[in-house]
Amino acid sequence: MDAAVSLEEVVAERAGAVGVVRLNRPQALNALSYGVMEKLVTALEVFDADPEVHCLLLAGSERAFAAGADIKELEGATPVDMLRSGQMERWGRLRRLKKPLVAAVSGFALGGGCELAMCCDMVVASESAVFGQPEIDIGVMPGAGGTQRLTRAVGKVLAMEMVLAGRRLSAREALAYGLVNKVVPVEAWYDEALALAETVAKKAPLAAQLAKECVSRALDMDLETALDYERRMFYLLFASSDQKEGMKAFREKRKAAFTGS
Ligand code: DAK
């Protein structure tokens, strides 16, 4: 869909087995208003529940993935407004998506935009991507996981510099620090991310979901508990048709035809 003629702030479209959700609020650099977040999360949940969809792709525009929460909406807010906004719950819903979620990041990924990218399972960044947590410059601090996910991803001292001094990371730096999977030329930012999502979408869907769950929990559990959890998920997959099909196909030297069952 042509962004210039679309009136939708969030555009959802299917690309084969990939459910694509695209932010389309160019006049505010895709700032994540409550309304945009609600539409974004709902669209992802719809794809998450669609058996035809095996991977999710979240994209912004070439200029901006998202420049953060909508500052104009937050300016006059009280703590009670914030509590009632349902925004924290929306971020929680993002965390609970079962299917793999790829982010296509070009341009600004700042504040809530950087947090949104970090919520995704994999990130493809264009050479123009800029990651940062500049909330300190407007008198606040990250509120959607920035201090936690960033610290786990890039380590304490760099996270401190980003959160306290507003240091931004270029795409290359983000790659070096493990915040993104790959950096691609600006003109390929969307296609490369879609290609990664399509690759994942071709894999065994149930295995992908359970593997996502295990990797996501890896940093939250002690190793013994996490290994035990992984083992249970591994055993569980032996109840799926896709395990039988995948191993049979290997033996028969053909490509597996996964059904997600
Ligand atoms: N909110 C609202 N509008 C924004 C915006 C934002 N975050 N970012 C940009 N815009 C708007 C600008 O106001 C401008 O609109 P007009 O004024 O022309 O109407 C338009 O987008 C273009 O922006 P600029 O003219 O500023 O463009 P530049 O290229 O000069 O600069 C920039 C681009 C991205 C460097 C700059 O716009 C900028 O610094 N933006 C703000 C970045 C920022 O501070 N982000 C952090 C926001 S705080 C929560 C969870 C999370 C959060 C909050 C709550 N809960 C769970 C409750 C997150 C908080 C944040 O993200």
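Owing to the predicted nature of the structure, the values given are computational and were not obtained by experimental measurement. (Residues numbered from 1 in each chain as written. Predicted model: local features only at pLDDT ≥ 70, side-chain atom pairs only at ≥ 80, totals over all residues. Heavy atoms only, no water.)

A. Focus on the overall build of the chain. Secondary structure summary: the chain contains 12 helices and 10 strands in total. Relative to its length of 261 residues, the chain is compact, with a C-alpha radius of gyration of 19 Å against a globular reference of 18 Å. Taken along its principal axes, the extent of the C-alpha atoms in the chain is 60 × 50 × 40 Å. Within the chain, the fraction of its 261 residues that count as buried is 45%. (Helix = DSSP H or I, 4+ residues; strand = E, 2+ residues; numbered from the N terminus. Rg over C-alpha atoms; globule rule 2.2 N^0.38 Å. Buried < 20%, exposed > 50% of the residue type's maximum accessible area, 1.4 Å probe, protein only.)

B. Structural view of the side chain of Gln 87. Mapped onto the fold, Gln 87 is located in helix α4 (residues 87-95). With a relative accessible area of 13%, Gln 87 lands in the buried category. If we ignore the near neighbours within four places in the chain, the residues touching Gln 87 are Leu 32, Ser 33, Tyr 34 and Met 37. (Contact = heavy atoms within 4.5 Å.)

C. A look at the packing of aromatic side chains. Tallying each qualifying case throughout the model produces three aromatic pairs. Aromatic side chains Phe 234 and Tyr 235 sit 6.3 Å apart centroid to centroid with 50° between the ring planes, which places their arrangement in the tilted category. Relative to Phe 238, the ring of Phe 234 has its centre 5.2 Å away and its plane inclined at 70°; by these criteria the two rings are edge-to-face. Note on Phe 238: relative accessible area 35%, which makes it partly exposed. Put simply, the rings of Phe 234, Tyr 235 and Phe 238 touch in pairs and so form one group of aromatic residues. (Phe/Tyr/Trp six-rings, centres within 6.5 Å; stacked < 30°, edge-to-face > 60°.)

D. Local environment of the sheet that holds strand β9 (residues 169-170). Read from one edge to the other, the open sheet built from four strands follows the order β4-β6-β8-β9, with strand pairing classed as mixed. Two strands close off the open sheet at either side, each with one partner strand: β4 (64-66) and β9. Contacts from helix α5 (residues 112-119) reach β4, β6 (108-110) and β8 (130-132) within the one sheet, and its direction differs from that of β6 by about 95°. (Pairing = 2+ DSSP bridges. Axes fitted to C-alpha atoms, helices over the stretch in contact; angles between N-to-C directions.)

E. View of the side chain of His 54. Its location among the elements puts His 54 in the loop between α1 (34-48) and β3 (55-59). Engagement of the side chain of His 54 in a polar contact is seen with the backbone oxygen of Pro 51, the distance being 3.2 Å. Polar contacts involving the side chain of His 54 include one to the main-chain carbonyl oxygen of Ala 201, which spans 3.3 Å. (Polar contact = N/O pair within 3.5 Å; in protein donor to acceptor, adjacent residues only side chain to side chain.)

F. View of α4. Listed as buried for α4 are Gln 87, Arg 90, Trp 91, Gly 92, Arg 93 and Leu 94. Where α4 is buried, its residues touch α1 and α5.

G. A look at the confidence of the model for the chain. Residues with a pLDDT of 70 or more make up 97% of the chain, whose mean pLDDT is 96. Here residues 1-5 scores under 50 on pLDDT; set against residues more than four positions off or in separate chains, the count is six contacts. (pLDDT = per-residue confidence, 0-100.)

H. Local environment of the packing of α1 against α4. Closest axis-to-axis distance for the α1/α4 pair is 10 Å, and the angle between their directions is 25°. By the criterion of interaxial angle, the relationship of α1 to α4 is roughly parallel. As α1 runs across α4, the sense of the crossing is left-handed. Residue-level contacts link Tyr 34, Met 37, Glu 38, Val 41, Thr 42, Leu 44 and Glu 45 of α1 to Gln 87, Arg 90, Trp 91, Arg 93 and Leu 94 of α4. Its residues assigned to classes, the contact of α1 with α4 shows six nonpolar, two polar and four charged. (Parallel < 35°, antiparallel > 145°, perpendicular 65-115°, else oblique. Left-handed = near helix turned anticlockwise from the far one by under 90°. Nonpolar A, V, L, I, M, F, W, Y, C, P; charged D, E, K, R; others polar.)

I. Layout of the site of the ligand. Taken together, 25 residues form the shell around the ligand, and within it Arg 63, Ala 67, Ala 69, Lys 72 and Gly 112 come nearest. Separating an oxygen atom of the ligand from a side-chain N or O atom of Arg 63 is a distance of 2.8 Å. In the complex, 68% of the free accessible area of the ligand, which totals 1100 Å², lies under the protein chains. For the shell around the ligand, the secondary-structure elements that each account for two or more residues are α2 (71-74), α4, β6 and α5. The greatest single-element share of the shell around the ligand, amounting to three residues, is contributed by α4. Of the residues that constitute the shell around the ligand, the class distribution is 13 nonpolar, six polar and six charged. (Near = heavy atom within 4 Å. Areas by Shrake-Rupley, 256 points an atom, 1.4 Å probe, with all protein chains shown as cover.)

J. The arrangement of the pairing of strand β2 (residues 18-23) in detail. Extensive coverage of β2 is indicated by the burial of six of its six residues. By the alternation rule, side chains of β2 split into Val 18, Val 20 and Arg 22 and Gly 19, Val 21 and Leu 23, which are all buried. Taken together, the six bridges between strand β1 (residues 10-15) and β2 define a ladder with antiparallel strand orientation. Looking at β2, one finds that Arg 14 is bridged to Gly 19. Here β1 folds back onto β2 in antiparallel fashion, the turn holding two residues, of which Gly 16 has a positive phi close to 65°. Across five bridges, β2 lies against β3 in parallel orientation. Bridge pairing in β3 places Val 21 opposite Leu 58. Remark: the β2/α1/β3 crossover connection has right-handed handedness. (Right-handed = clockwise from strand over helix to strand, strands pointing away.)

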